[in-house]
Amino acid sequence: MKDTFDLYRFTLLFKKTILERPAQLLGLMALMLLVSLGFYSFFAYFREWEAAHATAFIWGYVGGGIVLASVIFAHFTTNASGAAYLMLPASSLEKWLCGISIVGVMFTIIFLGFYRLMDFSFINLYHSRLNKNDAHYQFFYSQAQIFAFDGRLPKFSYMLFANFAGAALLGSLYYNRAGLVKTALTVLATMAFIGLANYLIARLFFNNLSSANPFWSVNLQLTNNYRTVDAPQYIKDFADNLTQFIIPAILWVTVYIRLREKEI
Amino acid sequence: MIEIENLSFGYSRKKLLYKNLNLSLKSGGVYGLLGKNGAGKSTLLKNMAGTLFPVNGSITINGRHPYKRQPSFLETIYYIAEDVYVPPLTIKKYQNLFAPFYPKFNIDSFYQYLRELEVDADSKLNRLSFGQQKKFVIAFALACNTDVILMDEPTNGLDIPSKSQFRKLIASVMNEDRLIMISTHQVRDLENMIDNIIIVDSGNLLLHASVGNITDKLCFKTVTEIPESARVLYKERTLQGNAVVMENTLGEDSKLNLEFLFNGIVENPEMAKQIFSTTQTLSA
């Protein structure tokens, strides 16, 4: 059991991982928070609250998570650093847990905490500066509300994060150099292949096919009119489960398997 | 103890570098792994360290399989790669973060080794020269007190005084429970330090013998004329005459010349095999 997981050793590993490359990990997290703040400030300046919320959340959380995921296991750019990492006396499970804890848990908590604080500060400032005697006070006041973390956009972002950060983690273990770029190209190629295969299959069934969205719908052109044929609900539910749970689980678990089998 | 049984390894399954390699290394020895560039020395060390996995066969170190990379095994082995990795930390911080992973780490020895190798203990690692970084890694590895230390070209980048200091350090840390394997293509760096020699070339094990066995079987000397009947493994014309490595049929005492031995074994593997065949397993 001690060769699989040991809490003391895991604590040492966690501390070592954070403090070994503080500029890379903590600096990167700080940079992502600043990017989020930048987007938020820009749109908040023009009182575009919806855009401020969306861009700051997606770029900060999803974008930041992907970049962070691509560096957490990036020890394999040189033989020496890769060997030093693999030979460090900690189990593959501990190394994997450490990586996913930093990317999936620590970064998420820090980002959501920062985002809430930033959102709260901006909106409070905005509300406090409104003229209460203005006839449109209520209207302006209701324009800016605290961003809920359980809305459609955050849920969509969590799904994107789980998938793309998982792909970035895995990519960093397959591609020793320029991992993020190569992973992005692999993901794009995979998505293009799925889209093309789906389109070609749909063409077998529909003569007047305009476009096809995998697992979702096909768009048909009938002379000058367009019609959409939705996939059955169970297919949509399957697709939701696939993107929300199954693919992320496969990606994140494969990271562990790859870490165990990594050679350098 | 390191046991290698029928090891086959290749970066491609179709083109194996090592085929059915057998080797047994006992604790208490300093092994010199010699070979030309690209001979397969680093590959063999990586298989022993568990950063590469055998295609067939097995490697066990003190009864453990390196490829499993279990923490209790990794605590007992230290592998120094040819190039050096050091994080941007001070030596003190590095020791604080990394030493706790090694239960037998000795902090006093660590700073003593650093002093002996003339590495400033207050330095920031990424600001040290390559040679200084290498010396730091060697000092840390030795201070971990692991049972097995695998070093890939440890003297690359070291200046002449440091190479000498390195040899002294290795001699001072040896004990009967420890096994140190040093790979190099700079054979002179290992002179007077190793007690067993392994020579590999293109994935073949050409020689595995103790220094005592080698000097029993071979004679290293300079002669004006080479006896006609002698089996000469290697000869080189020098100012004093012909430096030769030949079969030691008369039981003469001579001092091992690693460079000549290496050249002789690599140039005449068949003759070497015949000379050593009475006591050693030579073929890969």
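Just so it is clear, the model here is predicted, and its values are computed rather than measured.

Structural notes on the interface of chain B and chain A
Moving on, step 1. Across the contact, 22 residues belong to chain B and 24 residues belong to chain A.
Moving on, step 2. Listed by contribution, the elements that provide at least two residues to the side of chain B that touches chain A are α2 (71-74) and α3 (91-98) of chain B.
Moving on, step 3. With three residues, the single largest contributor to the side of chain B that touches chain A is α2 of chain B.
Moving on, step 4. Within the side of chain B that touches chain A, the residues separate by chemical class into 16 nonpolar, three polar and three charged.

Considering the UniProt feature "domain: ABC transporter" (unreviewed entry) in chain B
Moving on, step 1. UniProt marks residues 2-227 of chain B with the feature "domain: ABC transporter" (unreviewed entry), using the numbering shown here.
Moving on, step 2. Along residues 2-227 of chain B the backbone is 29% helical and 27% strand, and the end-to-end C-alpha distance reaches 41 Å.

Some details on unusual backbone geometry
Both trends apply: most residues other than glycine have a negative phi, and most peptide bonds are in trans.
Residues and elements named next belong to chain B.
Moving on, step 1. Within the chain, Asn6 stands out as a residue other than glycine whose phi angle is a positive 50°.
Moving on, step 2. In this fold, Asn6 is placed in strand β1 (residues 2-9).
Moving on, step 3. Judged by local crowding, Asn6 falls into the partly exposed class, with 13 C-beta atoms found within 10 Å.
Moving on, step 4. In this model, Asn192 sits at a positive phi of 65°, which is unusual for a non-glycine residue.
Moving on, step 5. Note on Asn192: 10 C-beta atoms within 10 Å, which makes it exposed.

A word on the sheet that holds strand β9 (residues 204-210) of chain B
Residue and element names in this part refer to chain B.
Moving on, step 1. Taking strand neighbours across the sheet as the criterion, the six strands line up as β5-β6-β7-β3-β8-β9 in an open arrangement whose pairing is mixed. Both edges of this open sheet fall to β5 (77-80) and β9, since each of them pairs with a single strand only. Direction aside, neighbouring strands of the sheet carry axes that sit 15° apart on average.
Moving on, step 2. As judged from the six bridges shared by strand β8 (residues 196-201) and β9, these two strands associate in the antiparallel manner. Within β9, the residue paired with Ile198 across the bridge is His208.

Rules behind the numbers
Residues numbered from 1 in each chain as written. Chains lettered and ligands numbered in written order. Predicted model: local features only at pLDDT ≥ 70, side-chain atom pairs only at ≥ 80, totals over all residues. Contact = placed C-beta atoms within 7 Å. Helix = DSSP H or I, 4+ residues; strand = E, 2+ residues; numbered from the N terminus. Nonpolar A, V, L, I, M, F, W, Y, C, P; charged D, E, K, R; others polar. UniProt positions renumbered as here; feature names shortened; annotations may be inferred. Buried ≥ 20, exposed ≤ 12 C-beta atoms within 10 Å, placed from the backbone. Pairing = 2+ DSSP bridges. Axes fitted to C-alpha atoms, helices over the stretch in contact; angles between N-to-C directions.

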